Amino acid sequence: MKNKLLMQFMFLGLWLISTFAYSLDVSVNFSRMNLKQVCSVITDSEQTQGTPEAASILLSSNTWKPCTEVDLARGYSTDQLWLKFDFNNLDEQDILIFLNTFPSWTSRLSVYSFQGNQLVDTQEFGVQFPYEARAIPSSNFIIPISLAGKQQKIVLIHAVSNFSFLLGGEVVGETEMLRSVATLNFLNGLIIGSIAIISFYNLFIFLSIRDTNYFFYFLYSSSMFFMLSIIYGFGYQYLWPESIKFNSFMTTAAPPFNAIFMTLFVRKFLNLYRVSSLMDSILKFFMYASLVTIVVSAFPKFQNVATIWSGVLAVLGAPTVLVSGILALLKGEKSAKYFLIAWVLSILSMMLMGLMITGIIEFNFYLFYSFSLGIFLEMTLLSLALANKIHFLQLDKAEATAAVLKSEMELTKNLATAAAQLEYKVSIRTHDLAQEKRRAEVQARTDALTGLNNRRAFFEKGEKLFQSVREQNDSNLLTVIMVDIDFFKKVNDRYGHSAGDLVITSVALSLLPHFMGSSVVGRIGGEEFAVVIKGINSSLAEQLAEQARVATESREITSEDGQRMKVTISLGVAAYRATDQSVDETLARADIALYQAKESGRNKVVLLV
């Protein structure tokens with residue numbers, strides 16, 4: 001009898017541990033923690049729909065397991081995962097924490113936030129949605145979680161991938177989130193810049209000396225650029241942010257595109273038709289098979305099959321190229337040794353990435369980005385191999401030329417070298433100009449201080465929402481809110497402009513969690529913000545505005561010299577009217593409401609009916 005009671009208590013204890021062991025205490029000073037260390041997981045092999053109803057049912061399920069006991073890398077399986085996070089805010093003040101998730105090709109992340117058993121918020125992320133719908137502009141998925149003072153919140157995430165299922169990342173605080181975004185932008189910029197320099201460098205050399213080796217290498221390096229843009233997400237971020245279908249197609253088609261141009265370059269560079277007709281025929285087969293894979297990728301229902309077939313071609317094609325390089329070296333191709341070194345580095349980086357993509361090892365940020373380092377080293381060494389190949393060709397030609405032409409050959413060689421150096425300088429300048437253009441385009445639409453939409457982008461996006469509502473002829477579908485920081489000039493005068501910038505950034509972070517979904521949030525002036533919300537009436541918009549006001553008022557800001565301060569905001573709310581011809585007219589009424597809020601004492605919300 002005693003043994004039976006003891007067993008019952010043991011099972012009860014294990015159940016309590018499984019229920020409460022994974023709660024994560026956070027505060028305003030929270031830094032970061034590996035996502036896998038703090039979550040629980042349920043493997044959804046049945047491919048159920050990630051709905052709020054399903055989340056509510058799973059919330060109280062006793063089948064959750066620690067993420068440390070389950071592989072979050074599932075490879076090319078049809079599994080879906082439910083992740084569970086239990087957050088506990090230890091501070092009195094409201095805070096924001098973020099789930100910084102990878103990789104960038106995850107199809108869908110459905111986020112459900114619960115307070116107790118009550119569903120309080122839902123969010124959607126993934127490449128199934130336009131890039132502009134992301135709460136935080138980044139190449140990966142950053143999920144904001146707002147926690148009121150002393151609040152405990154449970155977050156469930158339903159993760160789905162139509163491609164390789166790989167999931168990893170960190171839970172980070174606000175400061176670490178900003179640092180993470182900056183780091184990713186730096187790494188992606190480094191990748192873009194280095195591959196672009198190599199590509200255009202070889203293009204200009206081709207244009208200078210008309211050697212087709214350089215042209216095929218330019219095509220290969222350019223296709224590698226697009227493949228890296230898919231892997232690291234900057235293609236969807238910068239190149240085609242509104243094209244969901246094209247991004248899905250490129251996710252499957254970029255590797256076979258790269259395989260085609262790689263095959264063309266290898267066959268040309270190694271003179272493979274002379275070295276081994278058999279290996280040349282095999283690589284031709286891989287080229288045509290890759291072309292078929294691209295065609296199949298154009299049909300969405302076959303993209304998963306095309307992705308797997310593309311992986312098979314990569315596994316078989318990489319050693320085939322290696323064997324081709326060895327045969328070329330044995331048959332006297334002098335530049336083959338540089339090629340082999342470059343290709344071994346490429347295979348090693350592909351193996352590390354392949355182990356993660358196929359689910360053999362878990363996601364690791366450093367291994368994930370080491371792939372780009374391996375590709376950069378491969379590209380650099382192949383450029384050296386090309387230069388070496390041209391060098392040997394020039395030597396052979398010089399030896400076969402009569403002595404009387406020696407001086408002329410030297411002059412030609414010097415001119416070619418000077419032309420190559422000039423073209424290289426031009427390529428560097430071209431790259432710098434392209435970088436400046438891309439940077440200017442981003443800056444033209446983004447407020448540099450807060451990361452919100454700037455005035456131009458706000459009015460463009462706001463007008464689109466306005467016109468879509470106007471076509472539906474429903475006055476309850478759009479509301480505009482004007483926001484102004486109270487006594488902002490006094491903050492600048494008392495604490496300095498750096499503190500003023502900190503206040504503006506803090507207010508922006510306070511506004512974001514309350515206006516997600518079909519909303520446009522922008523900074524349209526010094527301390528002025530504006531919000532266009534689609535799909536709710538003015539009463540609900542007024543409630544959201546009040547929540548944002550309270551959140552801002554309760555938020556404590558610490559300046560660089562350690563001084564603590566609080567600010568308040570005034571908000572004016574106005575609903576769309578059928579007589580409005582543009583969003584400017586609705587915004588003008590919201591501005592009137594804001595003026596009334598300021599005239600009546602500030603730190604309040606006024607709704608203009």
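What you are looking at is a predicted structure, and each value in this text was computed from that prediction instead of being measured.

Conventions we followed
- Residues numbered from 1 in each chain as written.
- Predicted model: local features only at pLDDT ≥ 70, side-chain atom pairs only at ≥ 80, totals over all residues.
- Heavy atoms only, no water.
- 1 Å grid on protein atoms, 1.4 Å probe; cavity = no way out; pocket = protein on both sides within 12 Å on 5 of 7 lines; lining within 4 Å.
- Points joined across faces, edges and corners; volume = space filled by probe spheres on them.
- Helix = DSSP H or I, 4+ residues; strand = E, 2+ residues; numbered from the N terminus.
- Nonpolar A, V, L, I, M, F, W, Y, C, P; charged D, E, K, R; others polar.
- Disulfide = S-S within 2.5 Å.
- Buried < 20%, exposed > 50% of the residue type's maximum accessible area, 1.4 Å probe, protein only.
- Pairing = 2+ DSSP bridges.
- Axes fitted to C-alpha atoms, helices over the stretch in contact; angles between N-to-C directions.
- Contact = heavy atoms within 4.5 Å.
- Parallel < 35°, antiparallel > 145°, perpendicular 65-115°, else oblique.
- Left-handed = near helix turned anticlockwise from the far one by under 90°.
- Salt bridge = Lys/Arg side-chain N within 4 Å of Asp/Glu carboxyl O.
- Polar contact = N/O pair within 3.5 Å; in protein donor to acceptor, adjacent residues only side chain to side chain.
- Expected span 1.5 Å × (residues − 1).
- Phe/Tyr/Trp six-rings, centres within 6.5 Å; stacked < 30°, edge-to-face > 60°.
- Lys NZ or Arg CZ within 6 Å of the ring centre and 35° of its normal.
- Core = buried A, V, L, I, M, F, W, Y, C linked by side-chain atoms within 4.5 Å.

Visitor: So what's going on with the layout of surface pockets? Which residues, and what values?
Guide: A volume near 1,000 Å³ is recorded for the second largest pocket. Going through the elements one at a time, helix H4 (212–231), helix H6 (244–269), helix H8 (277–297), helix H9 (303–330), helix H10 (336–357) and helix H11 (365–400) are the ones with two or more residues in the lining of the second largest pocket. Broken down by element, the residue count for the lining of the second largest pocket peaks at eleven residues, all from H9. Here the residues of the lining of the second largest pocket sort into 32 nonpolar, 13 polar and one charged.

Visitor: Outline the state of the cysteines, supporting the account with residue identities and numerical values.
Guide: Within this structure, the stated rule accounts for one disulfide. Here Cys39 pairs with Cys67 through a disulfide, and the sulfurs are 1.9 Å apart. Between Cys39 and Cys67, the S-S torsion sits near -125 degrees, and that sign places the bridge as left-handed. With Cys39 in strand E3 (residues 39–44) and Cys67 in the loop between strand E4 (65–66) and strand E5 (80–89), this residue pair connects regions lying 28 residues apart in the sequence. Both residues of the pair, Cys39 and Cys67, belong to the buried class.

Visitor: Go over the sheet that holds strand E12 (residues 478–485) with me, naming the residues and quoting the values.
Guide: Ordered in space as E13-E14-E12-E17-E18, the five strands form an open sheet in which the pairing is mixed. Two strands bound the open sheet, and with one partner strand each, they are strand E13 (519–523) and strand E18 (605–608). Going from strand to strand, the sheet's axes swing by 15 degrees on average, the running direction of each strand aside. Where helix H16 (residues 538–553) meets the sheet, its contacts fall on E12, strand E14 (528–534), strand E17 (569–575) and E18, and the angle it forms with E17 comes to roughly 170 degrees.

Visitor: Pulling in residues and values, what's your account of the sheet that holds strand E9 (residues 141–147)?
Guide: Sheet strands pair by backbone hydrogen bonding; their relative direction is either parallel or antiparallel. Read from one edge of the open sheet, four strands run E2-E11-E6-E9, paired in antiparallel fashion. Each edge of the sheet is formed by a strand with only one pairing partner; in this case those strands are strand E2 (32–34) and E9. Here the strands of the sheet are splayed against their neighbours by 20 degrees on average, with no regard to which way each runs. Two elements, E2 and strand E11 (residues 168–172), share three bridges in a ladder whose sense is antiparallel. Across the sheet, residue Asn34 finds its bridge partner in E11, namely Glu170.

Visitor: Which residues make up the packing of H6 against H8, and what are the values?
Guide: Axis separation between H6 and H8 bottoms out at 9 Å; the angle between their running directions is 160 degrees. Between H6 and H8, the interaxial angle falls into the category roughly antiparallel. As for how H6 packs across H8, the hand of that crossing is left-handed. Facing H6, whose interface residues are Phe249, Thr252, Ala253, Pro256, Phe257, Ala259, Ile260, Thr263, Leu264, Val266 and Arg267, H8 presents Asp280, Leu283, Lys284, Met287, Ser290, Leu291, Thr293, Ile294 and Ser297. Classifying every residue of the contact of H6 with H8 gives twelve nonpolar, five polar and three charged.

Visitor: Lay out the packing of H9 against H10 in plain terms, naming residues and giving numbers.
Guide: Running from N to C, H9 and H10 cross one another at 165 degrees; their axes reach a closest spacing of 9 Å. Relative to H10, the element H9 is oriented roughly antiparallel. Where H9 crosses over H10, the handedness of that crossing is left-handed. In contact with Ala318, Val321, Leu322, Gly325, Ile326, Ala328 and Leu329 of H9, H10 contributes Ala336, Lys337, Phe339, Leu340, Trp343, Val344, Ile347 and Met350. Residue composition of the contact of H9 with H10, by class: 13 nonpolar, one polar and one charged.

Visitor: An account of the pattern of salt bridges is requested, with residue identities and associated values reported.
Guide: In this structure the tally under the stated criterion is 18 salt bridges. Measuring nitrogen to oxygen at the nearest pair gives 3.2 Å for the salt bridge that ties Asp447 to Arg523. Taken together, the positions of Asp447 in the loop between helix H12 (406–443) and helix H13 (455–472) and Arg523 in strand E13 put the pair 76 residues apart, joining distant regions of the chain. The two residues Asp447 and Arg523 agree in class, both being buried. In this structure, Glu556 and Arg564 form a salt bridge, with 3.6 Å as the shortest nitrogen-oxygen distance. Judged by its relative accessible area of 60%, Arg564 falls in the exposed class. Here the residues in one salt-bridge network are Arg32, Glu170, Glu176 and Arg179, joined through shared partners.

Visitor: Let's hear about the side chain of Gln151: which residues, and what values?
Guide: Looking at where Gln151 falls in the secondary structure, it is placed in the loop between E9 and strand E10 (152–160). Judged by relative accessible area, Gln151 falls into the buried class, the value being 11%. In terms of polar contacts, Gln151 uses its side chain to reach the side chain of Gln115, at 2.7 Å. For Gln151, the residues in contact, after removing those within four places along its chain, are Phe87, Asn88, Asn89, Gln115 and Ser146.

Visitor: Tell me about H4, residues and numbers included.
Guide: Each α-helix turn comprises 3.6 residues. Residues three or four places apart therefore point the same way. Between its first and last C-alpha, H4 extends 29 Å over 20 residues, near the 28 Å set by a 1.5 Å rise per residue. Among the residues trailing H4, Gly233 stands out with phi positive, at a value near 85 degrees.

Visitor: Report on empty space enclosed by the protein, specifying residues and quantitative values.
Guide: Think of a ball as big as a water molecule: rolled over the atoms, this probe shows where empty space is left. All told, the structure shown has three cavities of 30 Å³ or more when counted by the stated rule. Size it by volume and the largest cavity reaches roughly 60 Å³. Contributing to the lining of the largest cavity are Ser104, Trp105, Val127, Arg134, Ser139, Ser229, Ile230, Gly233, Tyr236, Asn247 and Thr251. Listed by contribution, the elements that provide at least two residues to the lining of the largest cavity are H4 and H6. Residue composition of the lining of the largest cavity, grouped by class: four nonpolar, six polar and one charged.

Visitor: Residue-level account of the packing of aromatic side chains, with values.
Guide: Per the stated rule, a full pass over the model turns up 31 aromatic pairs. Relative to Tyr366, the ring of Phe365 has its centre 5.8 Å away and its plane inclined at 85 degrees; by these criteria the two rings are edge-to-face. Overall, Phe365 belongs to the partly exposed group, its relative accessible area being 25%. Take Tyr366: its relative accessible area is 68%, and that puts it in the exposed class. One cation-aromatic arrangement involves Arg210 over Phe206; the distance from NZ or CZ to the ring centre is 5.7 Å.

Visitor: Can you tell me about the nonpolar core, naming the residues and giving the values?
Guide: Formed by 141 residues in total, the largest nonpolar core has its most connected members in Leu83, Phe85, Phe87 and Tyr232. Considering every element that reaches this core, the biggest residue donor is H4, with eleven residues. With sequence-adjacent residues up to four places away left out, Phe85 is seen in contact with Leu35, Val38, Cys39, Leu99, Lys153, Ile154, Val155, Ile157 and Val171. Core analysis: the next-biggest nonpolar cluster, separate from the first, contains 19 residues, Phe466, Val532, Leu587 and Leu594 among them.

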